[in-house]
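Chain residues, written in single-letter form:
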Amino acid sequence: MTYEKPYSYVPQIVLITGATGDFGRAFAERFAALGSRIILVGRSADKVSKLAEALVKTYSVPVHACVFDMTDKQAMAEAINGLPQDFASVDLLINNAGLALGLDPAPSCDLEDWETMIAVNNTALVQMTRLVLPGMAARKRGHIINIGSTAGTYPYPGGNVYCATKAFVKQFSLSLRSDLKGTKIRVSNIEPGMIETQFSQVRFKGDAEKARQVYENTENLGAEDVAEAVVWCATLPPKFNVNRIELMPTTQSFGSLVVERFD
Ligand code: 8X3
């Protein structure tokens, strides 16, 4: 029996959306450490260029910075279609950009929050995927890693549209696998549960105290733990496709279904 070493495959060009968030930075660091060329996509020119500089300095890898808002379809198309030649053959796309906004019950929550979540978590994700796929298919090489969520499987009060967007990401990932038979392109959906990041600050719109309470008095996972799962999937030999990984802190588990009781 032969044993294949970990990291038997290293993606050469890795494109990461939401690159300056906690997950994005953790992914960028791990792939840069493996020697991959990195394409960073973020909204803030300042944050993207600072991260690019840090990666170049620490890991001596080529980094290309793309600055656009994920909801700007035209800017996205221009940036991806105009990638410099030495970054153009993306072989790992990490669709990481995404967010949760609000935790109010459906009848009272903000419709614009719903629209933003759908625009970023779903519409932008499919647009980015569609831009990158033809090149991967022509090269018969590529991997799309979507960052889903346990929320795509397990609903919770106030999760409403956020949960629905992540269910979309799960099914889109699985459906892509059907379409991509014969192309050698891999697709994986990584589905983290509660992870201590800026996620809750964003969800609670800057309410630091509410965000802090989500992670208090327990043992949390961090972005680097999710990066571990992403790197594992991406560095398996190309014959090995991980469809889904659902992960959560050991301290998080399931509650029972609830029943409405009448007085
Ligand atoms: C994050 C997981 O449960 O906080 O996607 O919505 S949860």
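Below or above, wherever it landed, is the structure these notes cover. Keep in mind that what you see is a predicted model, and the values were worked out from it rather than measured.

1. Quick word on the packing of helix α3 (residues 73–81) against helix α4 (residues 111–139)
Helix packing for two helices is described by the angle between their axes and how far apart those axes are. As a packed pair, α3 and α4 sit with axes 10 Å apart at the nearest point and diverge in direction by 25 degrees. Between α3 and α4, the interaxial angle falls into the category roughly parallel. Classified by chirality, the crossing of α4 by α3 is right-handed. In this structure, α3 contributes K73, M76, A77, I80 and N81 to the contact, and α4 contributes A124, Q127, M128, L131 and V132. Per-class residue counts for the contact of α3 with α4 are 7 nonpolar, 2 polar and 1 charged.

2. Concerning the site of the ligand
Every residue near the ligand is listed here: S149, A151, Y156, Y162, P192, G193 and F199. Between Y156 and the ligand, the recorded distance is 2.5 Å, taken from a side-chain N or O atom to an oxygen atom. Within the complex, the protein chains bury 83% of what would otherwise be the 240 Å² of accessible surface of the ligand. Its residues assigned to classes, the shell around the ligand comprises 5 nonpolar, 2 polar and no charged.

3. Let's talk about helix α2 (residues 45–59)
Relative to the 21 Å expected for 15 residues at 1.5 Å per residue, α2 spans 21 Å between its end C-alpha atoms, a close match to the ideal helical length. Within the sequence span of α2, burial applies to V48, L51, A52 and L55. In a view along the axis of α2, the buried residues occupy a sector of 100 degrees, so they form one face of it. In α2, the exposed positions that point more than 90 degrees away from the buried face belong to K50, E53, K57 and T58.

4. Considering the sheet that holds strand β2 (residues 37–42)
One open sheet accounts for 7 strands, arranged β3-β2-β1-β4-β5-β6-β7; its pairing is parallel. With partners counted over all chains shown, the strands left at the sheet margins are β3 (63–67) and β7 (244–247), one partner each. Neighbour to neighbour, the strand axes of the sheet diverge by 15 degrees on average, direction disregarded. Note that strand β1 (residues 13–16) and strand β4 (residues 92–95) share 3 bridges and pair parallel.

Calculation notes
Residues numbered from 1 in each chain as written. Predicted model: local features only at pLDDT ≥ 70, side-chain atom pairs only at ≥ 80, totals over all residues. Heavy atoms only, no water. Axes fitted to C-alpha atoms, helices over the stretch in contact; angles between N-to-C directions. Helix = DSSP H or I, 4+ residues; strand = E, 2+ residues; numbered from the N terminus. Parallel < 35°, antiparallel > 145°, perpendicular 65-115°, else oblique. Left-handed = near helix turned anticlockwise from the far one by under 90°. Contact = heavy atoms within 4.5 Å. Nonpolar A, V, L, I, M, F, W, Y, C, P; charged D, E, K, R; others polar. Near = heavy atom within 4 Å. Polar contact = N/O pair within 3.5 Å; in protein donor to acceptor, adjacent residues only side chain to side chain. Areas by Shrake-Rupley, 256 points an atom, 1.4 Å probe, with all protein chains shown as cover. Expected span 1.5 Å × (residues − 1). Buried < 20%, exposed > 50% of the residue type's maximum accessible area, 1.4 Å probe, protein only. Arc of directions from axis to C-beta. Pairing = 2+ DSSP bridges.

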